[in-house]
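# Results of the structural survey
What follows is the residue order along each chain.
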Amino acid sequence: MAHEISPTARALLALEAIQNVPGITAARLGERLGVTERAARRYVAILREAELPIESVSGPYGGYQIGHGLRLPPLTFTAAEASGLVMAVLEGHKGAADPADLVGGALAKIVRVLPSRVAAQVRTIRDGASGGSGGSGEGEDPSPAALVGLEVMTVLFDACATGRRLRLSYRRGPWAGDSADRAMEVDPWAVVLRHSRWYLLCWSHTVDARRVLRIDRIVTAAQSLESFTPPAGLDALAVLEEHLSQGWTYEVDVLIDATATEVARWLPRSLGALSPFADGRRAQLRATTANPGWYVGRLAVLPYAFHVNGSAELRQAASDLGRRLLAAGSGLPPAPSQ
């Protein structure tokens, strides 16, 4: 089928091969293009005519590589590389979600050339990247990025883009009684980077429920022949943050004297699920937390009155915080610690 590829397409394929395999020889380049070694050299000459800095490496093992020039040569990314780059930049640069920003404009160009399903996921994450704070179970600073394998990430991104079911081997956390890796079969909805940690949002056929998996704990991942369709209008970041606010030790049930729309401007989605109360004038916040003291500190930023219905531990933490604030406003020196 090599004769059906146009010279322009072969030249671009040659550029991709040289970029991905620095030092590639003319013979190996010819094998990749399905042409002779002499023809491969002609395609390198075409790239040089286009003023692309293709350098020759001398020596018995020499070949071609991309050199440095006054302008960037065309770059090629896999879906995993491009998506990972976009989300990492969003995580680290505050203006990256704004196309008017220098970094944001460059990012928008990458998003435009991603596969449509991956691009839709990344746009959702980009559009919701303006906020963010710790989840309702975490009372400490975000942990440093956990290492994830490139091979696993590539499989995950490709499965999300093509809608292919995955078979995973998942390493459970230290709290699990059984330390053995768990075999899982999942529909991968989206890969999300949040606070320097990578997550896979998916539907687990193993437990017949939605799950959020830490990607650094995925030992192996392989695509199956079965396909799936993700939920329509999926907001991956919102679903992830809502999921992370559930499953902790202490219940959170708070009634706030403002509408859900007003409250949402003050509280990150990771604190829990906001919904309108029955009277239509107030909002109800439901979640769980591992640290009631930390949680009520987040609620204290609200400029609205609120009432803690549960849990008892959260009510106690609110009372303790109230006493500390009253003491702070009394003008009296704090009592010496016992």
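Just above sits the structure.
Computed from a predicted model, the values in this text were never measured in an experiment.

## A short note on the overall build of the chain
- Tallying secondary structure elements over the chain gives 11 helices and 11 strands in all.
- In the chain, which comprises 338 residues, the share counted as buried stands at 38%.
- Long-range pairs, those at least 24 residues apart, make up 61% of the contacts in the chain between residues at least 6 apart in sequence.
- In the structure as shown, the chain presents an accessible area of about 18,900 Å², 54% of it carried by carbon and sulfur atoms.

## Considering the packing of helix α2 (residues 26–33) against helix α3 (residues 37–49)
- Packing of α2 against α3 brings their axes to within 8 Å, and their N-to-C directions diverge by 90 degrees. The angle between the axes of α2 and α3 places the two elements in the roughly perpendicular class. Residues Ala26, Ala27, Leu29, Gly30 and Leu33 of α2 lie in contact with α3, whose contacting residues are Glu37, Ala40, Arg41, Tyr43 and Val44.
- In terms of residue class, the contact of α2 with α3 is made up of 7 nonpolar, 1 polar and 2 charged.

## Looking at the packing of helix α1 (residues 7–20) against α2
- Orientation of α1 relative to α2, taken along the N-to-C sense of each, is 130 degrees, at an axis distance of 10 Å. The orientation of α1 relative to α2 falls into the category oblique. Where α1 crosses over α2, the handedness of that crossing is right-handed. Packed against α1, whose contacting residues are Arg10, Leu13, Ala14, Ala17 and Ile18, the element α2 presents Leu29, Arg32 and Leu33 at the interface.

## Here's the deal with the sheet that holds strand β6 (residues 209–214)
- Taken in spatial order, the 5 strands of this open sheet run β6-β5-β4-β3-β7, and their pairing is antiparallel. Edge strands, defined here as strands with exactly one partner in the open sheet, are β6 and β7 (218–227). Taking the axes of each pair of neighbouring strands and ignoring which way they run, one obtains an average angle of 45 degrees across the sheet.
- Along the sheet, helix α7 (residues 150–162) contacts β3 (164–170), β4 (182–194), β5 (197–204) and β7; its crossing angle with β7, the most-contacted strand, is approximately 25 degrees.
- In the packing of helix α8 (residues 236–244) onto the sheet, the strands contacted are β4, β5 and β6, and the crossing angle to β4 comes to about 115 degrees.

## With respect to the side chain of Arg165
- Within the secondary structure, Arg165 sits in strand β3.
- For Arg165, a relative accessible area of 12% gives the class buried.
- A polar atom in the side chain of Arg165 sits 3.5 Å from the side chain of Glu185.
- In this structure the side chain of Arg165 is engaged in a polar contact, spanning 3.3 Å, whose partner is the side chain of His205.
- Excluding residues that lie within four positions of it along the chain, Arg165 makes contacts with Glu185, Val186, Asp187, Pro188, His205, Ala222, Gln223, Ser224, Glu226, Ser227 and Phe228.

## Some thoughts on the nonpolar core
- Membership of the largest hydrophobic core comes to 23 residues, with the highest contact counts inside it found for Leu156, Leu168, Val191, Trp198, Leu200, Ile215 and Ile218.
- Breaking this core down by element, the ones donating at least two residues are α4 (79–92), α7, β3, β4, β5 and β7.
- The leading source of residues in this core is α7, at 7 residues.
- Setting aside its immediate chain neighbours within four residues, Ile218 contacts Val152, Leu156, Leu168, Ser169, Tyr170 and Leu200.
- If you look at the next biggest cluster of nonpolar residues, it comprises 20 residues, including Val254, Leu267, Val296 and Leu321.

## Focus: the environment of Glu37
- Mapping Glu37 onto the fold places it in helix α3.
- A relative accessible area of 38% places Glu37 in the partly exposed class.
- Through-space distance from the C-alpha of Glu37 to that of Thr25 is 8.9 Å; in sequence the pair is 12 residues apart.
- Setting aside its immediate chain neighbours within four residues, Glu37 contacts Ala26 and Ala27.

## Comments concerning helix α5 (residues 102–112)
- Taken together, the buried positions of α5 are Gly104, Leu107, Ala108, Ile110 and Val111. Along the axis of α5, the buried residues cluster in a sector spanning 160 degrees; they form a single face. Of the residues in α5, the exposed ones pointing more than 90 degrees away from the buried face are Leu102, Lys109 and Arg112.

Cut-offs used in this document
- Residues numbered from 1 in each chain as written.
- Predicted model: local features only at pLDDT ≥ 70, side-chain atom pairs only at ≥ 80, totals over all residues.
- Heavy atoms only, no water.
- Helix = DSSP H or I, 4+ residues; strand = E, 2+ residues; numbered from the N terminus.
- Buried < 20%, exposed > 50% of the residue type's maximum accessible area, 1.4 Å probe, protein only.
- Contact = heavy atoms within 4.5 Å.
- Areas by Shrake-Rupley, 256 points an atom, 1.4 Å probe, with all protein chains shown as cover.
- Axes fitted to C-alpha atoms, helices over the stretch in contact; angles between N-to-C directions.
- Parallel < 35°, antiparallel > 145°, perpendicular 65-115°, else oblique.
- Nonpolar A, V, L, I, M, F, W, Y, C, P; charged D, E, K, R; others polar.
- Left-handed = near helix turned anticlockwise from the far one by under 90°.
- Pairing = 2+ DSSP bridges.
- Polar contact = N/O pair within 3.5 Å; in protein donor to acceptor, adjacent residues only side chain to side chain.
- Core = buried A, V, L, I, M, F, W, Y, C linked by side-chain atoms within 4.5 Å.
- Arc of directions from axis to C-beta.

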